[in-house]
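# An overview of the molecular structure
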Amino acid sequence: MRLDKFLGEHNIGTRKQIKEYVKNGRCKINGIVATKSDVHIDENSDEISFDDVLLSYEKYHYFILNKPQGVVSATTDGKNITVLDLLKDENIKGLSPCGRLDIDTEGLLLITDDGGLIHRLLSPKKHVDKTYEVHLRDALSDADKAKLEEGVNIGDKKEDGSVDYTLPCMVTYAPCDDLGRPVILLSIHEGRFHQVKRMLKAVGNEVLFLKRISMGTLQLPDNLQPGEYRPLSQQEIDLLNK
């Protein structure tokens, strides 16, 4: 990899700025001051420092975001704030959200440039569970709970025209929220359009607030407020890749 590309991936500056920084002796390769910004390095073994701060190379980047309401799960949008806009202190080149949360839905969103991991987590064949905290208009009866768990008709059709019922899921009752509204935890491993809202509508209920709290082994940290994010730990990355 070229030195200027390596430094650019660490948000050091533009290529023009980096060229000037290197010219001024601010970058070292294996302890020796670099003289050219276009020199090639081995990003996996060479020690690169800028202003005497050692820079490490990461092939992929992983962030967990607590997406707030009013933000779209997209890389660009002409009207609304995107999830990448919230990562303003990071180099967002190549980053994408893993899946989508509706604009009015909060909660866990994985953002990464690891396309292979995104594909594995979203593949229907992998059956990766996604758990949502669902605040409801009405208390969910045991009968409606059983219907949701067995699969309901949300209006989708198979290629042959027959009803494409949702796959079996798991529903757990939770304490009411601060407004006294009933709350359930709903775990699904599909990703249909507005699926959770349509499932509750299919049993005559309405979702008033929705937050994703887990995806596979990844859990939304209690101390991560809406709009906040952090890099994944190596342990979290390893568990997702199992």
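## Some words on the packing of aromatic side chains
- Inspection of every chain in the model, using the stated rule, returns 2 aromatic pairs.
- Plain terms: the ring middles of Tyr21 and Phe50 are 5.7 Å apart, the flat faces sit at 55° to each other, and that makes the pair tilted. With Tyr21 in helix 2 (residues 15-23) and Phe50 in strand 3 (residues 48-50), the pair connects residues that are 29 residues apart, well separated along the chain.
- When the centroid spacing of 5.8 Å and the interplanar angle of 80° are considered together, the rings of Phe63 and Tyr229 count as edge-to-face. With Phe63 in strand 5 (residues 62-67) and Tyr229 in strand 15 (residues 229-231), the pair connects residues that are 166 residues apart, well separated along the chain. With respect to class, Phe63 is no different from Tyr229; both count as buried.
- Lying over the aromatic face of Tyr21, Arg26 brings its terminal NZ or CZ to 4.6 Å of the ring centre.

## Quick notes on the state of the cysteines
- Under the definition given, this model contains 0 disulfides.
- In this structure Cys169 is a free cysteine whose sulfur lies 20 Å from that of Cys176, the closest cysteine sulfur available.

## As for the pattern of salt bridges
- What the rule picks out here adds up to 17 salt bridges.
- Among the ionic pairs, Lys28 bridges to Asp52, the shortest N-O distance being 3.2 Å. Of this pair, Lys28 sits in strand 1 (residues 27-29) while Asp52 is found in the loop between strand 3 and strand 4 (53-55), placing the two residues 24 residues apart along the sequence.
- The class of Asp52 is exposed, set by a relative accessible area of 61%.

## Structural notes on the sheet that holds strand 4
- Ordered by their spatial adjacency, 4 strands build an open sheet running 2-1-3-4, and the pairing between neighbours is antiparallel. The two strands at the open ends of the sheet, each matched to only one other strand, are strand 2 (32-33) and strand 4.
- Pairing geometry for strand 3 and strand 4, over 3 bridges, is antiparallel. By the bridge assignment for strand 4, Phe50 is matched with Val53.

## Some points on the nonpolar core
- Ranked by size, the top nonpolar core spans 30 residues in total, and within it Val134, Leu140, Leu148, Leu186, Val196, Met199 and Leu200 carry the most contacts.
- For this core, the secondary structure elements donating two or more residues are strand 5, strand 9 (106-112), strand 10 (130-136), strand 12 (183-188), helix 5 (195-202) and strand 13 (207-215).
- Dropping the residues within four chain positions of it, Leu140 is found in contact with Lys145, Leu148, Val171, Tyr173, Ile184, Leu200, Val203 and Asn205.

## Quick look at the side chain of Ser49
- The topology assignment puts Ser49 in strand 3.
- The exposure class of Ser49 is buried, given its relative accessible area of 11%.

## Observations concerning the pairing of strand 5
- Across the 6 residues that make up strand 5, a large majority, 6, are buried.
- Sheet analysis places strand 5 next to strand 9, joined by 6 bridges and oriented antiparallel. The partner of Leu65 across the bridge, within strand 9, is Leu109.
- Pairing geometry for strand 5 and strand 15, over 3 bridges, is antiparallel. In the sheet register, Leu65 faces strand 15, and the bridge partner there is Tyr229.

## Notes on unusual backbone geometry
- Although it is not a glycine, Asp51 adopts a positive phi angle of roughly 50°.
- Residue position: Asp51 is located in the loop between strand 3 and strand 4.
- With phi around 65°, Asp52 is a residue other than glycine that occupies positive phi space.

## Notes on helix 5
- Within helix 5 the residues assigned to the buried category are Gln195, Val196, Met199 and Leu200. Angularly, the buried residues of helix 5 cover 130° about the axis, an arc narrow enough to put them on a single face.
- Looking one or two residues beyond helix 5, the residue adopting positive phi is Gly204, at roughly 80°.

What counts as what
- Residues numbered from 1 in each chain as written.
- Predicted model: local features only at pLDDT ≥ 70, side-chain atom pairs only at ≥ 80, totals over all residues.
- Heavy atoms only, no water.
- Phe/Tyr/Trp six-rings, centres within 6.5 Å; stacked < 30°, edge-to-face > 60°.
- Helix = DSSP H or I, 4+ residues; strand = E, 2+ residues; numbered from the N terminus.
- Buried < 20%, exposed > 50% of the residue type's maximum accessible area, 1.4 Å probe, protein only.
- Lys NZ or Arg CZ within 6 Å of the ring centre and 35° of its normal.
- Disulfide = S-S within 2.5 Å.
- Salt bridge = Lys/Arg side-chain N within 4 Å of Asp/Glu carboxyl O.
- Pairing = 2+ DSSP bridges.
- Core = buried A, V, L, I, M, F, W, Y, C linked by side-chain atoms within 4.5 Å.
- Contact = heavy atoms within 4.5 Å.
- Arc of directions from axis to C-beta.

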